[in-house]
Amino acid sequence: MANSADKSQIDPDRIPRHVAIIMDGNGRWARQKGHLRIFGHKHGVRTVRNVIEAAVELGIQYLTLYAFSTENWNRPEAEVNALMELLVQTIKGETPTMMENGIRLQAIGNIEKLPPGCNKQLQETVNTTKDNKRMTLILALSYSGRWDIIEAVRKIADQVKSGTIQPEEINEEVLGAALNTAAYPNPDLLIRTSGEHRISNFLLWEIAYSEFHFTPVLWPDFTPDDLYKAVLDYQGRQRRFGKTGEQIQPVH
Ligand code: IPE
Ligand code: IPE
Ligand code: MG
């Protein structure tokens, strides 16, 4: 069990700069309580609010939340519509709080596919919050890692076609710069709730060296204490990036 001592154990000098979360388990949470799935999504929004606040307080600079995947368009129409409605309401309702807390909202994904009202609200809040500096909140909406990589490859192919770049000049930097996530550092810590141990087409390119933290907690039940636990788990890891442990921390 997480307890309030967890926060005090966190080393403030080694806070992950970028945390990405696969917020999963809303549907199961609702079903367990005998409710419709959308009830779980509504409660999931409350968790989003609490986690954002806790992340800002910890000094996390980038928080990416997987809110809707490319594949989620295949869910029943009523659920998709309800999720989109919830999204507009939440973004609108949370804009003043984002302003108070210095949060800059950004989005990654095929946002042109979102209903026009949803897209409009998103653009509006992105614009209103654009100068905020304390934390960047990145919503992954109609997003998938493969979609982004394909889009990036198309952009690069166009550049090759027009002669602005030669095929042999294509490297990690070039591909990384063509992705939706180009402006952000790679996630240091990736969290998935609900006990599933998979990536579900999230930041495929960017998580090459992220630390993973899986928790059985369903998203509506995820608390700031669960976030602290994940950060502590992260702080206990040795990130080697292919090197040996001794290279990272020499033995004297
Ligand atoms: C995550 O919860 C929210 C979205 C994917 C939009 P789910 O809706 O996937 O909940 P489960 O996994 O069915 O319990
Ligand atoms: C991943 O959850 C997508 C989001 C959290 C938005 P899913 O519930 O869609 O993933 P799968 O289908 O269990 O892999
Ligand atoms: Mg799910």
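Quick caveat: nothing in here was measured; it's all calculated off a predicted structure.

**Here's the deal with the sheet that holds strand E4 (residues 135-143)**
Consideration 1: Strand order in the open sheet formed by six strands is E3-E4-E2-E1-E5-E6, with parallel pairing between adjacent strands. A single partner strand is all that each edge strand has here, and the edge strands are strand E3 (103-108) and strand E6 (211-214). Across this sheet, the average inter-strand angle for adjacent strands is 20°, counted without regard to direction.

**Focus on the site of ligand 2**
Consideration 1: In the region of ligand 2, the neighbouring residues are Ile22, Met23, Asp24, Tyr66, Ala67, Phe68, Ser69, Asn72, Arg75, Arg192, Arg198 and Ser200.
Consideration 2: Residue arginine 75 places a side-chain N or O atom 3.2 Å away from an oxygen atom belonging to ligand 2.
Consideration 3: A distance of 3.3 Å separates an oxygen atom of ligand 2 from a polar side-chain atom of arginine 192.
Consideration 4: Considered on its own, ligand 2 offers 390 Å² of accessible surface; in the complex 77% of this is hidden by protein.
Consideration 5: In terms of residue class, the shell around ligand 2 is built from five nonpolar, three polar and four charged.

**Things to note about the side chain of histidine 18**
Consideration 1: In this fold, histidine 18 is placed in strand E1 (residues 18-22).
Consideration 2: There is a polar contact of 2.7 Å between the side chain of histidine 18 and the side chain of threonine 64.
Consideration 3: Within the local environment of histidine 18, its side chain forms a polar contact with the backbone oxygen of proline 185, the two atoms lying 2.7 Å apart.
Consideration 4: Residues contacting histidine 18, with those up to four places away along its chain left out, are Tyr62, Leu63, Thr64, Ile138, Pro185, Asn186, Pro187, Asp188 and Leu189.

**Focus: the site of ligand 1**
Consideration 1: All residues in the neighbourhood of ligand 1 are listed as Met23, Asp24, Gly25, Asn26, Gly27, Arg28, Arg37, His41, Ala67, Asn72, Arg75 and Leu83.
Consideration 2: Here an oxygen atom of ligand 1 and a backbone polar atom of glycine 25 are 3.3 Å apart.
Consideration 3: Starting from 380 Å² of accessible surface for ligand 1 in isolation, the protein chains cover 87%.
Consideration 4: The greatest single-element share of the shell around ligand 1, amounting to three residues, is contributed by helix H2 (residues 26-32).
Consideration 5: Of the residues belonging to the shell around ligand 1, the class tally is three nonpolar, five polar and four charged.

**Considering helix H4 (residues 77-100)**
Consideration 1: For H4, built from 24 residues, the straight-helix expectation of 34 Å at 1.5 Å per residue is met to within 8% by its first-to-last C-alpha distance of 35 Å.
Consideration 2: Approximately 40° is the largest bend angle found in H4, and it occurs at glutamate 94, with the proline proline 96 only one to four residues beyond.
Consideration 3: Residues Glu79, Val80, Leu83, Met84, Leu86, Leu87, Val88, Ile91, Glu94, Thr95 and Met98 constitute the buried set of H4.
Consideration 4: Among the residues trailing H4, glycine 102 stands out with phi positive, at a value near 70°.

**A short note on the pairing of E1**
Consideration 1: Extensive coverage of E1 is indicated by the burial of five of its five residues.
Consideration 2: Residues of E1 alternate between two faces, with His18, Ala20 and Ile22 on one and Val19 and Ile21 on the opposite face, all of them buried.
Consideration 3: By the bridge criterion, five bridges tie E1 to strand E2 (residues 62-69) in an arrangement that is parallel. Looking across to E2, one finds that isoleucine 21 is bridged to leucine 65.

**Some details on the packing of helix H3 (residues 37-58) against helix H8 (residues 224-235)**
Consideration 1: Contact pair H3 / H8: the axes reach a minimum separation of 9 Å and the direction vectors enclose 45°. Between H3 and H8, the crossing angle belongs to the class labelled oblique. Crossing geometry of H3 relative to H8 is assigned as right-handed. Taking contact as the criterion, the partners of Asn50, Val51, Ala54, Ala55 and Leu58 in H3 are, on H8, Pro224, Leu227, Tyr228 and Val231.

Definitions and limits used
- Residues numbered from 1 in each chain as written.
- Chains lettered and ligands numbered in written order.
- Predicted model: local features only at pLDDT ≥ 70, side-chain atom pairs only at ≥ 80, totals over all residues.
- Heavy atoms only, no water.
- Pairing = 2+ DSSP bridges.
- Helix = DSSP H or I, 4+ residues; strand = E, 2+ residues; numbered from the N terminus.
- Axes fitted to C-alpha atoms, helices over the stretch in contact; angles between N-to-C directions.
- Near = heavy atom within 4 Å.
- Polar contact = N/O pair within 3.5 Å; in protein donor to acceptor, adjacent residues only side chain to side chain.
- Areas by Shrake-Rupley, 256 points an atom, 1.4 Å probe, with all protein chains shown as cover.
- Nonpolar A, V, L, I, M, F, W, Y, C, P; charged D, E, K, R; others polar.
- Contact = heavy atoms within 4.5 Å.
- Expected span 1.5 Å × (residues − 1).
- Bend = angle between axes of the 7 residues up to and from the residue.
- Buried < 20%, exposed > 50% of the residue type's maximum accessible area, 1.4 Å probe, protein only.
- Parallel < 35°, antiparallel > 145°, perpendicular 65-115°, else oblique.
- Left-handed = near helix turned anticlockwise from the far one by under 90°.

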